[in-house]
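# Coordinate inspection notes
Chain by chain, the residues:
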Amino acid sequence: MLPKIIDSGGFNAVVKGRYGYQVYNKNDVYVGRAVEKYGEYSELEVELFRQICKPGDIAIEVGANLGTHTLALSQLVGEKGRVFAFEPQRIVFQTLCASLALNSIANVEAYQLAVSSKAGEVLIPDIRYDVEGNYGAVEIERFTKGRPVQVITLDTFLEEIGRLKLLKIDVEGMEQDVIDGATKLIGKHQPVIYLENDRMEKSPALIEAIHALGYRAFWHLPKLYNVNNFAGDSEDIYPGTVSVNMLCFPNHVTLNLNGFKEATDPHFHPMAKSQP
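Counting from 1, residues in each chain are numbered in the order their sequence is written. Restriction of local features to residues with pLDDT of at least 70 applies here, the model being predicted, together with a cutoff of 80 or more for giving and counting side-chain atom pairs; totals for whole chains, interfaces and linings are based on all residues. Hydrogens and water are ignored here; the side-chain numbers use all heavy atoms of the structure.

### Details of the sheet that holds strand S4 (residues 58-62)
Selection rule: Only strands joined by at least two bridges in the DSSP assignment are considered to pair. Helix and strand labels come from DSSP, where a helix needs a run of H or I of at least four residues and a strand needs a run of E of at least two; each type is numbered from the N terminus. Between N-to-C directions, angles span 0 to 180 degrees; the directions come from axes that are lines fitted to C-alpha atoms, helices contributing only their stretch in contact.
Within the open sheet, the 7 strands sit side by side as S6-S5-S4-S10-S11-S13-S12. Their pairing is mixed. Each having just a single partner strand, strand S6 (108-111) and strand S12 (215-220) make up the two edges of the open sheet. Mean inter-strand twist for the sheet, computed between neighbouring axes without regard to direction, equals 15°. By the bridge criterion, 4 bridges tie strand S10 (residues 166-169) to strand S11 (residues 192-196) in an arrangement that is parallel. From the neighbouring strand, leucine 166 faces S11, where its bridge partner is valine 192.

As structure tokens, then:
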């Protein structure tokens, strides 16, 4: 476990992690706990981004959470690049911004906005962040009471963006909604798309939506635990746990991928116990 640079006495603390100072919630059982123990979260995803994003690139991160990947993407695209980060949960968003401020990061634009297929509002209740929980797994579309948070579409909000290399989406089952609100942006810039696909009941429609964009999709199942983690900690507190994501490229891109299974059958899901 890394030494705390700051321990507020409340639910937040700060450590020096792989990508700089990281503010995190000590009660967060996944992202926060990984930051505290390893100084990073899901670094095997970042290893993939490192092969995609280069200095000067632009990346969009929908569902930025505490900003563990935001900090990494910021370094990958460099001072001439740009990262647009979206996080709708107010307290989580404030934590993200605190990390950006502590590291004097100027190439990230962070927004407390939800992203979907249509503009509007979504209600998000006051969640208890002072008790143990998995705050990254909050499904915001399920709430019927709470404070209103603005919902935007990427097509409208970022229609003037000049280029786009990576579109990363991790929004707890709303991935297709984000895609549906970004078809013009995707069609114009043809970015690499990296998105979560761990809801089996929503997977067929999501895969079909990716194919309809003229993209190929490949399964990526990185372990949460990184043997070569920043803290050099040999204990795996997430044994057998993986993220279930898809890496997507436009059809015209020539690919030489090793170890990636293509998602050609919308009804196949790697986490299903039995397949059709």
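### As for the sheet that holds strand S8 (residues 120-124)
Here 3 strands make up an open sheet; going across it, the order is S7-S9-S8 and the pairing mixed. Whereas interior strands pair on both sides, the edge strands pair on one side only; in this sheet they are strand S7 (114-115) and S8.

### Topic: the nonpolar core
Side chains of nonpolar character tend, in soluble globular proteins, to be buried together. Put simply, the rule reads: For this analysis, a nonpolar core means a set of buried residues of the types Ala, Val, Leu, Ile, Met, Phe, Trp, Tyr and Cys, connected via side-chain atoms within 4.5 Å. Only protein chains enter the area calculation, which uses a 1.4 Å probe; residues under 20% of their type maximum are buried, those over 50% are exposed, and those in between are partly exposed. Any two residues whose heavy atoms approach within 4.5 Å at even a single point are treated as in contact.
Ile60, Val62, Phe86, Leu154, Leu195 and Met246 are the most contacted members of the largest nonpolar core, which has 33 residues in total. Those residues in contact with valine 62, other than ones at most four positions away along the chain, are Phe86, Val115, Leu154, Leu167, Lys168, Ile169, Asp170, Val171 and Val178. Residues Tyr19, Val46, Ile52 and Ala59 belong to the second largest nonpolar core, which totals 25 residues.

### Focus: the pattern of salt bridges
Worth spelling out the cut-off: The term salt bridge refers to a side-chain nitrogen of Lys or Arg lying within 4 Å of a carboxyl oxygen of Asp or Glu.
Enumeration over the complete set of coordinates arrives at 18 salt bridges. Notably, a salt bridge pairs glutamate 40 with arginine 18, separated by 2.6 Å at the nearest N-O pair. Of this pair, glutamate 40 sits in the loop between helix H1 (31-38) and helix H2 (43-52) while arginine 18 sits in the loop between strand S2 (12-17) and strand S3 (20-25), and the two are 22 residues apart along the sequence. Judged by its relative accessible area of 6%, glutamate 40 falls in the buried class. Residue arginine 18 is classed as partly exposed on the basis of its relative accessible area, which comes to 28%. Between arginine 199 and glutamate 172 there is a salt bridge, and its shortest N-O distance comes to 3.2 Å. Of this pair, arginine 199 sits in the loop between S11 and helix H8 (203-212) while glutamate 172 sits in the loop between S10 and helix H6 (175-180), placing them 27 residues apart in sequence. Given the relative accessible area of 15%, arginine 199 is considered buried.

### Describing the packing of H2 against helix H3 (residues 68-77)
For clarity, the threshold we go by: Each angle gets one of four labels, with under 35 degrees taken as roughly parallel, over 145 as roughly antiparallel, 65 to 115 as roughly perpendicular, and the rest as oblique. Put simply, a crossing is left-handed when the front helix is turned counterclockwise from the back one by less than a right angle, and right-handed when it is turned clockwise. Residues are grouped as follows: Ala, Val, Leu, Ile, Met, Phe, Trp, Tyr, Cys and Pro are nonpolar; Asp, Glu, Lys and Arg are charged; all remaining types, including Gly, are polar.
Between H2 and H3, whose axes approach to 10 Å, the crossing angle comes to 20°. As far as their axial angle goes, H3 and H2 are roughly parallel. Along this stretch, H2 crosses H3, giving a crossing that reads as right-handed. Contacts between H2 and H3 involve Glu45, Val46, Phe49 and Arg50 on the former and, on the latter, His69, Ala72, Leu73 and Leu76. Residue classes in the contact of H2 with H3 are distributed as 5 nonpolar, 1 polar and 2 charged.

### A look at the pairing of S11
Burial analysis of S11 places 5 of its 5 residues in the buried class, which makes it a mostly covered element. A two-sided burial pattern is seen for S11, the buried positions comprising Val192, Tyr194 and Glu196 on one face and Ile193 and Leu195 on the other. In the sheet, S11 pairs with strand S13 (residues 245-250) via 4 bridges, with the strands oriented antiparallel. Within S13, the position partnered with glutamate 196 by the bridge is asparagine 245.

### Quick notes on H8
Of all the residues in H8, the buried ones are Ser203, Pro204, Leu206, Ile207, Ala209 and Ile210. Structurally, H8 contributes buried residues whose contacts are with H6, S11, S12 and S13. Glycine 214, located one to two residues past H8, shows a positive phi value of around 85°.

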